[in-house]
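The chain contents come next:
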Amino acid sequence: MAQMPALIPKEVEIQRLKKIWLIVIAMGSVAASVEVDNFVDGSLHQTSIRDSAFTPAHWWLYTHFVALPLGWGSAAIYDRKVPVLRGPNNSMNTGLKMTILGYLATMFTIGVNEMWHFWFVEEIFAVPNHWMFNMGVVVAFIGALAYVVRVYARLVELGAETPGENPYVAEMYKMALEGKLYSRSIP
Amino acid sequence: MTLPKGFGSGGSGSSSADVEKMIGKRVENMTGIITISYIAAWLATFGGTAAGYFYYPWAYPTNSGHYAFIILTIIESIGYLFCVKVMEEGTKKNSNGIIAGVIAGVAVGTILISLFVGT
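Residues numbered from 1 in each chain as written. Chains lettered and ligands numbered in written order. Predicted model: local features only at pLDDT ≥ 70, side-chain atom pairs only at ≥ 80, totals over all residues. Heavy atoms only, no water.

A. Structural detail: the packing of helix H2 (residues 31-55) of chain B against helix H4 (residues 96-116) of chain B. Residues and elements named next belong to chain B. Interhelical geometry of H2 versus H4 gives an angle of 10° and a closest axis separation of 11 Å. Here H4 runs roughly parallel to H2, going by the angle between their axes. Taking contact as the criterion, the partners of Thr35, Tyr38, Ile39, Trp42, Phe46 and Tyr53 in H2 are, on H4, Ile98, Val102, Ile103, Val106, Gly109, Thr110 and Ile113. Here the residues of the contact of H2 with H4 sort into 10 nonpolar, 3 polar and no charged. (Axes fitted to C-alpha atoms, helices over the stretch in contact; angles between N-to-C directions. Helix = DSSP H or I, 4+ residues; strand = E, 2+ residues; numbered from the N terminus. Parallel < 35°, antiparallel > 145°, perpendicular 65-115°, else oblique. Contact = heavy atoms within 4.5 Å. Nonpolar A, V, L, I, M, F, W, Y, C, P; charged D, E, K, R; others polar.)

As structure tokens, then:
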């Protein structure tokens, strides 16, 4: 990755990266909450096969799958203020793009899921309408990891964070700073 | 340094006032809003789980609701702790007392709710 010149003062960039960090921590908590609801919803469906869209386990799941793309979308809006986080051709950061697309997939799957269950009442984990929930989350997690490491590595580069002492982790930060963590050609 | 439109006083480069203007509210001064957000999230969590065991007791026993409430409170508390500590690191600000007090209060509230609220 071509190293971008410092377009904003260092102190400004650190403050902006930390504001992004706040959103990231909040979204991480929401994602952890969704994981808990996987078990809550799953255990409910083992006893009552299919109830309705309007049960607390579904409110919990669905509100989070709306909150996640919106929350990461707000990160994308603010992300524009940090030049070093730009993606290819001055577009959105690739990791952030993947995160938003992944969670958008889960959000649209809410509708797909409800249409499916309008006709078929079974609630087996592996039915096709659930696939995009799981694939969306996996894509989002991969993207979020790339983005989070990029933000953290930049904070390390700016001297606002201490790099990892584990040599393997330190190597990962180094690769992220060089733009080689998830691609050798896409910044 | 070239600054964005609206900053700088014309040819003299950036001043500390310009930098402060670009930063806006500093993250180490956001402990108040982070704390309010955490407490609001915790209350919303109580509301959500209570809706489960008050309106759907056939599907969501009170014990299950309390279990979810406790787990989510722990997740939110870790997030709150991370937010405040990361925002204040590298500065002279220290809100350990506020964090300890708020999390202790939430812990006591969680225990009391788990003991006395439900069906």
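Let's pick the thread back up.
B. Seen up close, the interface of chain A and chain B. In this assembly, 26 residues from chain A lie in contact with 26 residues from chain B. Taking both sides of the interface into account, the surface hidden between chain A and chain B amounts to around 2300 Å²; carbon and sulfur atoms contribute 73%. Looking at the side of chain A facing chain B, the largest losses of area belong to A:Gln15, A:Lys18 and A:Leu22, adding up to 22% of the total buried there. Counting the contacts that link chain A with chain B gives 1 salt bridge. A salt bridge links B:Arg26 to A:Glu11, with the nearest nitrogen and oxygen atoms 2.3 Å apart. Inspection of the region where chain A meets chain B yields 9 residue pairs in polar contact (both at pLDDT 80 or more). Here the side of chain A that touches chain B takes 14 residues from helix H1 (residues 10-47) of chain A, the largest share from any one element. Partitioning the side of chain A that touches chain B into residue classes produces 17 nonpolar, 4 polar and 5 charged. (Buried area = accessible area lost by both parts, 1.4 Å probe. Salt bridge = Lys/Arg side-chain N within 4 Å of Asp/Glu carboxyl O. Polar contact = N/O pair within 3.5 Å; in protein donor to acceptor, adjacent residues only side chain to side chain.)

C. Spatial organisation of the pattern of salt bridges. Applying the stated criterion across every chain, the model contains 6 salt bridges over all chains. Two residues, A:Arg86 and A:Asp79, come together in a salt bridge whose shortest N-O distance is 3.5 Å. The residues A:Arg86 and A:Asp79 share a single accessibility class, namely buried. Residues A:Arg154 and A:Glu157 are paired through a salt bridge, measuring 2.3 Å at the closest nitrogen-oxygen approach. Linking A:Arg154 with A:Glu157, this pair stays in helix H4 (residues 128-157), spanning 3 residues, or about one helical turn. Overall, the relative accessible area of 35% leaves A:Glu157 in the partly exposed class. Each member of the salt-bridge network shares a partner with another, and the members are A:Glu11, B:Glu20, B:Arg26 and B:Glu28. (Buried < 20%, exposed > 50% of the residue type's maximum accessible area, 1.4 Å probe, protein only.)

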